[in-house]
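Coordinate analysis (summary)
Here is what each chain is made of, one letter per residue.
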Amino acid sequence: MTMDTKNGNGRTTGRGIGLAAMRGLALALVSLPGAVLCFCLSLLSIALIPIGVGIITTPYVLTGVRAFANSRRVLAAEWGGVRIPPAYRPLPEDANPWARTFGMLRDPATWRDLRWLPVDMTAGFVTALLPAVLLIYPLEGFALAIGLWRVFPDGYWYGFVPVTGQASAFGAAALALVLLFLAHFLTPRLLDVHFRLTRAVLGSNQGELAERVRVLTETRRDAVDTSAAELRRIERDLHDGAQARLVAVGMDLGTIEALLDKDPAQAKELIAQARRSSVEALSELRELVRGIHPPVLAERGLGDAVRALALRLPVATEVSVDLPGRAQAPVESAAYFAVSEVLTNAVKHSGADRIWVDLHRADGMLRATVTDDGKGGAVIGAGSGLAGVERRLGTFDGVLAVSSPAGGPTMVTMEIPCA
């Protein structure tokens, strides 16, 4: 997300300087006319509310202001690594013009946008333009040094250097060198100042808290839905599997008790059948327990649990593990079942001949990557297994990324924060 302005030694690169200057120039060219237009239209539309015209026009104008501010939020994140979450209050879709107008005007985020517009057209314009000026202005000094000073009128100044002859033109070149040296260090930082200024005016702690509350509400709802679905699955498996077999065993034992004296041979057959049913019920209970929390995961950790899972797959699977220690049990469980679901999808739908699983921890994140050489085309959509994995990971603030071009390969990457 951050600008590519440093090389491996921590020094600012020429590419980063030029990129920062071009981005600053683009922001300056957009911010001044865009902010002026949005600000004037907003004032005019709000002023027309008492005569009724503004009731109709204000929502459209303010929607345009929001779109302009959101575009700047996107650029701040993509070009400067500065995240500014929007925090607009939702409006009813079927609201009448009166309700929409005053609903938007009662939203504090609307007034933050309107306060930001004059800031963006003044200080924002200057801080965006300075990176380009600091890089381009030295070119004029070099042009003066090679003799172009003659085309300028008498009394012309380059910075604080009066250009009256060849000697003073060389002074302008020296100033240009100093400015170019400063540009090497200051150009990316000045663009960063522009984005931080934008965040200071557009951003809001309440907005970030509201966004966080929204995410937590969604993940809590997903967690509750997942838990309810898991309970229904357990109940269904118990009812249709082990419970039915145990009921059959109980009925067989009652029949055996009645036949034990009358027909010992048939009683022996029923005893053998009851024994087989009890063994099958026990096996189903073990599978059910393994589906809730595999014993190997509890005893030996995530790496060995995934290796054991890979051994049961019909596709050749290679597992690479680099985990210095064990994460918390809920995190390990979420990662295990997420990997299990992704592997199941790969076996069923990808047509792959080989699968690779990589588990490692970096920067406080548990990262699991599943790659297959199948046909590709996997997407995160409603009803797909990957959508369920994404919801499961979202409970832990985890993320899911899928790269699956047509023809393959498919790479699914999962990250979960862990201590």
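Our subject is the structure that appears above.
Conventions and cut-offs
- Residues numbered from 1 in each chain as written.
- Predicted model: local features only at pLDDT ≥ 70, side-chain atom pairs only at ≥ 80, totals over all residues.
- Heavy atoms only, no water.
- Patch = residues over 30% accessible without salt bridge, like charges linked within 9 Å, V, L, I, M, F, W, Y side chains within 5 Å.
- Areas by Shrake-Rupley, 256 points an atom, 1.4 Å probe, with all protein chains shown as cover.
- Salt bridge = Lys/Arg side-chain N within 4 Å of Asp/Glu carboxyl O.
- Helix = DSSP H or I, 4+ residues; strand = E, 2+ residues; numbered from the N terminus.
- Buried < 20%, exposed > 50% of the residue type's maximum accessible area, 1.4 Å probe, protein only.
- Pairing = 2+ DSSP bridges.
- Expected span 1.5 Å × (residues − 1).

Notes on a nonpolar patch on the surface
A grouping of Val178, Phe181, Leu182, Phe185 and Leu186 is seen on the molecular surface, where their side chains present a nonpolar patch of about 440 Å² in accessible area. Looking at the element boundaries, Phe181 is found in helix α5 (residues 166–202). What makes Phe181 exposed here is its relative accessible area of 54%.

Some details on the pairing of strand β5 (residues 365–372)
With eight of its eight residues buried, β5 lies for the most part within the structure. The two faces of β5 match: Met365, Arg367, Thr369 and Thr371 on one face and Leu366, Ala368, Val370 and Asp372 on the other face are all buried. Counting the residues that bridge the hairpin from strand β4 (residues 354–362) to β5 gives two residues, and of these Asp363 lies at a positive phi of roughly 55°. Inspection of the sheet shows β5 paired to strand β7 (residues 410–417) by eight bridges, in the antiparallel sense. Bridge pairing in β7 links Val370 to Val412.

Details of helix α2 (residues 53–80)
Along its 28 residues, α2 runs 40 Å from first to last C-alpha, staying within 8% of the 40 Å computed at 1.5 Å per residue. Just beyond α2, the residue with positive phi is Gly81, at close to 70°.

Nothing here speaks to function; it is geometry throughout.
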